[in-house]
Amino acid sequence: MESLHWQTEGSGKCELVLLHGWGMNAQVWNSIVVRLAPHFRLHRVDLPGYGRSQGFGALSLEEMTTTVLAGAPARAVWLGWSLGGLVASLAALRAPERVSALVTVASSPCFEARDEWPGIKPLVLSGFQQLLNEDFAGTIERFLALQTLGTESARKDARLLKSVVTEQPSPTAAVLSGGLEILRRADLRQELAGLTTPFLRLYGALDGLVPRKVAMLMDEQFPHSTSVVMPKASHAPFISHPEPFVEHLVAFARQHGER
């Protein structure tokens, strides 16, 4: 039977679930674990089919969220990066009694550009899906490069992300394609309008995958939430700017997380 790989660490009393993004695994948080550990009891998970959580096929967003909830602590702050932000958001919507506060990082309730909503062009996402079967490694590498583009430490950050991918078991093309399908189809904008859970949104000002205009639109449509746009950061602000990232997270958790 398939099972998720969880790792728990940290000496803080506030429970914190960490969800990685597409193509990644739980090791992507390594660079900030030392900073987080004094404040939180950290629960890092490899999403279904990623890293050490092998044996899963392509899952829908609902299926992925249900699978993660089954192994998560009874109640915690949930933080999701990129694709992980969709999972964390849906967990808060489906099981609000389990999520004391929600934090999304470089994420959007709707990743694909639609009408007046900014995002990734549909042809880009479908193109990545097609390329997965033709050039698996090259497709992953191009996507990683997009995540750090524009930052002062872009090359170093891209190398770090690549090492996270190469040092753990690789997701199958089917799992990766399924993840891209979630990014293509998911749209939680209407559901999130009814969210009552404390909600912090962190963005990178230079992010090419989740444009900063998303933060502005979310500010208008979800005034119950709080946003921070980090200057000079791109799609992985916790890697390029770890200190301010952790400061924002700890301040929010102190106010809303349960201890």
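Named according to an unreviewed UniProt entry, the protein chain is Pimeloyl-[acyl-carrier protein] methyl ester esterase originating from Musicola paradisiaca. Per its UniProt entry, the protein chain bears the Pathway (unreviewed entry) comment "Cofactor biosynthesis; biotin biosynthesis." According to its UniProt record, the protein chain has this under Function (unreviewed entry): "The physiological role of BioH is to remove the methyl group introduced by BioC when the pimeloyl moiety is complete. It allows to synthesize pimeloyl-ACP via the fatty acid synthetic pathway through the hydrolysis of the ester bonds of pimeloyl-ACP esters."

Our next topic: the sheet that holds strand S3 (residues 40-46). With mixed pairing, 7 strands are arranged side by side in an open sheet as S1-S3-S2-S4-S5-S6-S7. This sheet does not close on itself; its edge strands, each paired only once, are strand S1 (5-9) and strand S7 (226-230). Here the strands of the sheet are splayed against their neighbours by 20° on average, with no regard to which way each runs. By the bridge criterion, 6 bridges tie strand S2 (residues 14-19) to S3 in an arrangement that is parallel. Note that in S3 the partner of Leu 19 across the bridge is Val 45.

Let us look at the pattern of salt bridges. Counting across every chain of the model gives 13 salt bridges. The salt bridge partner of Asp 46 is Arg 52, with a shortest N-O separation of 2.9 Å. Here Asp 219 ties to Arg 201 by a salt bridge, and the two come within 2.7 Å at their closest N and O atoms. With a gap of 18 residues between them, Asp 219 in helix H9 (residues 212-221) and Arg 201 in strand S6 (residues 199-204) connect regions that are remote in the sequence. Look at the salt bridges and you will find they share partners, linking Glu 62, Arg 94 and Glu 191 into a network.

With that settled, the discussion passes to the packing of aromatic side chains. Across all of its chains, the model carries 6 aromatic pairs by this definition. With a centroid separation of 4.6 Å and 35° between ring planes, the pair formed by Trp 29 and Phe 238 is classed as tilted. A residue pair is termed long-range when its members are at least 10 positions apart, and Trp 29 in the loop between S2 and helix H1 (30-36) and Phe 238 in helix H10 (residues 237-240) qualify at 209 residues. A centroid spacing of 4.9 Å and a plane angle of 80° characterise the contact between Trp 81 and Phe 238, whose relative ring orientation is edge-to-face. Pair noted here: Trp 81 is in strand S4 (residues 76-81) and Phe 238 is in helix H10, with a separation of 157 residues, a long-range link. Classification of Trp 81 by relative accessible area gives buried; the value is 1%. One aromatic cluster is present, formed by Trp 29, Trp 81, Phe 238 and Phe 245 through successive ring pairs. A cation over an aromatic ring shows up here: Arg 189 above the ring of Trp 117, its NZ or CZ 4.8 Å from the ring centre.

With numbering matched to this structure, UniProt assigns "active site" (unreviewed entry) to Ser 82, Asp 207 and His 235. Spatially, the listed residues are clustered: although they cover 154 residues, their C-alpha atoms lie within 11.1 Å of one another. Along the chain, Ser 82 falls in the loop between S4 and helix H3 (83-94). The exposure class assigned to Ser 82 is buried, which follows from its relative accessible area of 5%. The residues contacting Ser 82, other than those within four sequence positions of it, are Gly 21, Val 105, Ala 106, Ser 107, Phe 111 and His 235.

Attention now moves to unusual backbone geometry. Phi at Ser 82 is positive, roughly 55°, even though this residue is not glycine. Residue Ala 106 is not a glycine yet carries a positive backbone phi of 45°. Structurally, Ala 106 can be placed in the loop between strand S5 (99-105) and helix H4 (122-134). The exposure class of Ala 106 is buried, given its relative accessible area of 0%.

Before going further, it helps to spend a moment on the UniProt feature "domain: AB hydrolase-1" (unreviewed entry) in the protein chain. Taking the UniProt record as the reference, the feature "domain: AB hydrolase-1" (unreviewed entry) is found at residues 16-242. The span residues 16-242 is 44% helix and 15% strand, and its two end C-alpha atoms sit 17 Å from each other.

Attention now moves to the packing of helix H5 (residues 136-148) against helix H6 (residues 154-166). The geometry of H5 relative to H6 is characterised by a closest axis approach of 9 Å and an angle of 140° between their N-to-C directions. Classified by the angle between their axes, H5 and H6 sit oblique to one another. Along this stretch, H5 crosses H6, giving a crossing that reads as right-handed. Side by side, H5 and H6 meet where Ile 140, Glu 141, Leu 144, Gln 147 and Thr 148 of the first sit next to Ala 154, Asp 157, Ala 158, Leu 161, Lys 162 and Val 165 of the second. Of the residues assigned to the contact of H5 with H6, the class counts are 6 nonpolar, 2 polar and 3 charged.

Criteria and cut-off values
Residues numbered from 1 in each chain as written. Predicted model: local features only at pLDDT ≥ 70, side-chain atom pairs only at ≥ 80, totals over all residues. Heavy atoms only, no water. UniProt positions renumbered as here; feature names shortened; annotations may be inferred. Pairing = 2+ DSSP bridges. Helix = DSSP H or I, 4+ residues; strand = E, 2+ residues; numbered from the N terminus. Axes fitted to C-alpha atoms, helices over the stretch in contact; angles between N-to-C directions. Salt bridge = Lys/Arg side-chain N within 4 Å of Asp/Glu carboxyl O. Phe/Tyr/Trp six-rings, centres within 6.5 Å; stacked < 30°, edge-to-face > 60°. Buried < 20%, exposed > 50% of the residue type's maximum accessible area, 1.4 Å probe, protein only. Lys NZ or Arg CZ within 6 Å of the ring centre and 35° of its normal. Contact = heavy atoms within 4.5 Å. Parallel < 35°, antiparallel > 145°, perpendicular 65-115°, else oblique. Left-handed = near helix turned anticlockwise from the far one by under 90°. Nonpolar A, V, L, I, M, F, W, Y, C, P; charged D, E, K, R; others polar.

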